[in-house]
Amino acid sequence: MKICVYLGSREGNDPRFVEATEALGRAIASRGWGLVYGGARNGLMGRLADACLAGGGEVIGVIPEHLVQREVSHPSVTRLIRVDSMHERKAAMAAHADAFVALPGGIGTLEELFEIWTWRYLALHAKPLGVLNTADFYTPLLTFLDTTVEHGFLDRRTRETLIADEQIESLLDRLARVHAEAAL
Ligand code: AMP
């Protein structure tokens, strides 16, 4: 199984974000899964790729040409796919992955998570997706999403397709379960 991870191009200011990112990279490798991510060396993105590679995992990075310099493409991923635009980046990441996870990050991370979630909502794919809620980072967003349900803008079934978990192993297990059910 290949898992696409969206996460910050910065490290944030809580050491638990880096710890969780590296633990996720190791967990993906130790399960024999592959990682798909944005291909950069900076921030949590680089930490994730390094940890997965160190554990012997396969890492596919997808980076647009204009960000190769700015975000600094990772020099030792298993495969670096260079694309021409942000749209191609997201499409390539989605095509290569069986499931999606957001770790802490900024507006880029949120944009990627919401796009892949809305694609699922529109039945363009049936792949599982979730957030790793390290240090309650996503709790305010999850609460806001419940508010959108309460106000009639989002149906509860769609809301529940976003899996949230604080524990890496249980998050990966839940994604794998939904993936297996979708394949039936
Ligand atoms: P951030 O969460 O803002 O640190 O960004 C995380 C990653 O998302 C970085 O590699 C950004 O280049 C990327 N990103 C930002 N905006 C977009 C977008 N509209 N489409 C695809 N990737 C994006």
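Refer to the preceding data block for the structure.
Summarised in this report is the structure supplied together with it. (Residues numbered from 1 in each chain as written. Predicted model: local features only at pLDDT ≥ 70, side-chain atom pairs only at ≥ 80, totals over all residues. Heavy atoms only, no water.)

Remarks on the site of the ligand
Move 1: The full set close to the ligand counts 16 residues, and S9, E71, G106, G108 and T109 are the nearest of them.
Move 2: Between the ligand and the protein, one listed contact pairs an oxygen atom with a backbone N or O atom of G108 at 3.0 Å.
Move 3: The side chain of E112 places a nitrogen or oxygen atom 3.1 Å from a nitrogen atom of the ligand.
Move 4: In the complex, 82% of the free accessible area of the ligand, which totals 490 Å², lies under the protein chains.
Move 5: Put simply, the parts of the chain that give the shell around the ligand at least two residues each are α3 (65–72), α4 (86–96) and α5 (107–121).
Move 6: When residues of the shell around the ligand are assigned to their parent elements, the largest contribution, five residues, is made by α5.
Move 7: Class assignment of the residues belonging to the shell around the ligand gives a composition of five nonpolar, six polar and five charged. (Near = heavy atom within 4 Å. Polar contact = N/O pair within 3.5 Å; in protein donor to acceptor, adjacent residues only side chain to side chain. Areas by Shrake-Rupley, 256 points an atom, 1.4 Å probe, with all protein chains shown as cover. Helix = DSSP H or I, 4+ residues; strand = E, 2+ residues; numbered from the N terminus. Nonpolar A, V, L, I, M, F, W, Y, C, P; charged D, E, K, R; others polar.)

Side note on the nonpolar core
Move 1: Core analysis: the largest hydrophobic core is formed by 33 residues, its most contacted members being I3, V5, L24, I28, L35, L172 and L175.
Move 2: Listing elements by their share of this core, those giving two or more residues are β1 (2–6), α1 (15–30), β2 (34–37), α2 (43–54), β3 (58–64), α3, β5 (99–102) and α8 (168–183).
Move 3: Among the elements that line this core, the one with the most residues is α1, at seven residues.
Move 4: Sequence-distant contacts of I28, defined by excluding residues within four places in its chain, comprise I3, V5, W33, G34, L35 and C52.
Move 5: With 22 residues, the next largest nonpolar core counts A94, I116, L129 and L142 among its residues. (Core = buried A, V, L, I, M, F, W, Y, C linked by side-chain atoms within 4.5 Å. Buried < 20%, exposed > 50% of the residue type's maximum accessible area, 1.4 Å probe, protein only. Contact = heavy atoms within 4.5 Å.)

Topic: the sheet that holds strand β7 (residues 162–165)
Move 1: Spatially, seven strands are ordered β4-β3-β2-β1-β5-β6-β7 in an open sheet, and the strand pairing comes out parallel. Both edges of this open sheet fall to β4 (79–83) and β7, since each of them pairs with a single strand only. Going across the sheet, the axis of each strand differs from the next one's by a mean of 25°, ignoring polarity.
Move 2: Pairing between β1 and β2: three bridges, direction parallel. From the neighbouring strand, I3 faces β2, where its bridge partner is L35.
Move 3: With respect to the sheet, α3 is in contact with β3 and β4, its orientation differing from that of β3 by roughly 110°.
Move 4: Relative to β3, α4 is tilted by about 160°, and along the sheet it contacts β1, β2, β3, β4 and β5. (Pairing = 2+ DSSP bridges. Axes fitted to C-alpha atoms, helices over the stretch in contact; angles between N-to-C directions.)

Considerations on the environment of C4
Move 1: With respect to the secondary-structure elements, C4 resides in strand β1.
Move 2: As for C4 and L35, which are separated by 31 residues in sequence, their C-alpha atoms are 5.9 Å apart.
Move 3: Residues contacting C4, with those up to four places away along its chain left out, are V36, M93, A97, A99, F100 and V101.

As for α3
Move 1: Among the residues making up α3, those that are buried are L67, V68 and E71. Each buried residue of α3 lies within a common arc of 125° when the element is viewed along its axis, so the set occupies one face. When the buried face of α3 is taken as reference, the exposed residues oriented beyond 90 degrees from it are H66, Q69 and R70. (Arc of directions from axis to C-beta.)

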